[in-house]
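Residues per chain, in single letters:
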Amino acid sequence: AQSVTQLDSQVPVFEEAPVELRCNYSSSVSVYLFWYVQYPNQGLQLLLKYLSGSTLVKGINGFEAEFNKSQTSFHLRKPSVHISDTAEYFCAVSLNNNDMRFGAGTRLTVKP
Amino acid sequence: DAGVTQSPTHLIKTRGQQVTLRCSPKSGHDTVSWYQQALGQGPQFIFQYYEEEERQRGNFPDRFSGHQFPNYSSELNVNALLLGDSALYLCASSLLPGGGYGYTFGSGTRLTVV
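This is a predicted model, so every value here is computed, not measured. (Residues numbered from 1 in each chain as written. Chains lettered and ligands numbered in written order. Predicted model: local features only at pLDDT ≥ 70, side-chain atom pairs only at ≥ 80, totals over all residues. Heavy atoms only, no water.)

K.L.:
Looking at this model, I keep getting lost on the sheet that holds strand E3 (residues 19–24) of chain B. Mind explaining?
P.N.:
The pairing of strands in a sheet comes from backbone hydrogen bonds and takes either a parallel or an antiparallel form. Residues and elements named next belong to chain B. Taken in spatial order, the 4 strands make up an open sheet running E1-E3-E8-E7, and their pairing is antiparallel. A strand with exactly one partner marks an edge of an open sheet, and here the two such strands are strand E1 (5–7) and strand E7 (64–68). Direction aside, neighbouring strands of the sheet carry axes that sit 15° apart on average. Pairing between E7 and strand E8 (residues 74–78): 5 bridges, direction antiparallel. Within the sheet, the bridge partner assigned to Gln-68 lies in E8 and is Ser-74. (Pairing = 2+ DSSP bridges. Helix = DSSP H or I, 4+ residues; strand = E, 2+ residues; numbered from the N terminus. Axes fitted to C-alpha atoms, helices over the stretch in contact; angles between N-to-C directions.)

K.L.:
Honestly, the layout of surface pockets in this entry has me stumped. Any pointers?
P.N.:
If a probe as big as a water molecule is rolled over the atoms, it shows which places are left empty. When its volume is computed, the largest pocket comes out at roughly 290 Å³. Lining the largest pocket are 16 residues, and of these Gln-38 and Arg-107 of chain A together with Gln-37, Leu-39 and Arg-110 of chain B lie nearest its centre. Tallied by class, residues from the lining of the largest pocket come to 7 nonpolar, 6 polar and 3 charged. (1 Å grid on protein atoms, 1.4 Å probe; cavity = no way out; pocket = protein on both sides within 12 Å on 5 of 7 lines; lining within 4 Å. Points joined across faces, edges and corners; volume = space filled by probe spheres on them. Nonpolar A, V, L, I, M, F, W, Y, C, P; charged D, E, K, R; others polar.)

K.L.:
Looking at this model, I keep getting lost on the packing of aromatic side chains. Mind explaining?
P.N.:
Two descriptors summarise a pair of aromatic rings, namely the distance from one centre to the other and the angle between the planes of the rings. Taken as a whole, this structure holds 13 aromatic pairs over all chains when the rule is applied. Relative to Tyr-35 of chain B, the ring of Phe-102 of chain A lies with its centre 5.4 Å away and its plane at 90°, an arrangement referred to as edge-to-face. In this pair, Phe-102 of chain A is assigned in strand E11 (residues 100–102) and Tyr-35 of chain B in strand E4 (residues 31–37), connecting two distinct chains. Here Phe-102 of chain A and Tyr-35 of chain B have matching classes, each one buried. Look at Tyr-35 of chain B and Phe-105 of chain B: their rings are 5.9 Å apart centre to centre, the planes differ by 50°, and that puts the pair in the tilted class. Linking Tyr-35 of chain B in strand E4 with Phe-105 of chain B in strand E10 (residues 104–105), this pair joins segments that are 70 residues apart in sequence. Against the face of Phe-14 of chain A rests Lys-111 of chain A, its NZ or CZ located 4.7 Å from the ring centre. (Phe/Tyr/Trp six-rings, centres within 6.5 Å; stacked < 30°, edge-to-face > 60°. Buried < 20%, exposed > 50% of the residue type's maximum accessible area, 1.4 Å probe, protein only. Lys NZ or Arg CZ within 6 Å of the ring centre and 35° of its normal.)

K.L.:
Just to check I follow, could you spell out the nonpolar core for this structure?
P.N.:
Across soluble globular proteins, you tend to see nonpolar side chains buried next to one another. All names here are of chain A. The biggest cluster of nonpolar side chains holds 29 residues, and the ones touching the most others in it are Leu-33, Trp-35, Leu-47, Leu-48, Phe-74, Leu-76 and Tyr-89. Ranked by residues supplied to this core, first place goes to strand E10 (residues 87–94) with 4 residues. Leu-47 has contacts with Trp-35, Tyr-36, Val-37, Gly-59, Ile-60, Asn-61, Phe-63, Leu-76 and Tyr-89, leaving out every residue within four places of it along the chain. (Core = buried A, V, L, I, M, F, W, Y, C linked by side-chain atoms within 4.5 Å. Contact = heavy atoms within 4.5 Å.)

In structure tokens, the structure reads:
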């Protein structure tokens, strides 16, 4: 079965600084990869997804992620964060027609 | 275009009771997945419904059951509630099973068991 590990439970960063949220997955076959954001008391919103093709994926709100098959990673990056980016971020993986499985989440806190 | 609608938004139940949560999928979606999100944790997959049948199931006991109706809406039932069942329950809908088609999440139902 596929699984996801988010390497950092909390990431504090100052406003306008770059940020990277790390995600590793385990699967012996090709997978679909996703990043979701969750604001307090809300559901999950899709930031971006990798299904196939270019390994650099651009999403909403200036976020991007790079799929690295050899390192089984899918790290999320943003060159300059805003206060409004403070939220919980989840990496997720799906095998073909199977359900989606999530990591434990990374709490991003952007400080002024 | 309405997204995924979940009801109720909050509820409080007593240990041992039974609860039913409801989900209306996004227009055009025919697959519903349910997740449990405990405080400070990632969503855990409970099960997925497609064509009115449970298609896949995560590591949850039989106390957790569900149903999908012909209009694609779904219910999650939990029997003999335990304190540990307190969580945010998320419903996600998609066009066909499989994460590749994209999941749309509802805002969740916050269940508190006392």
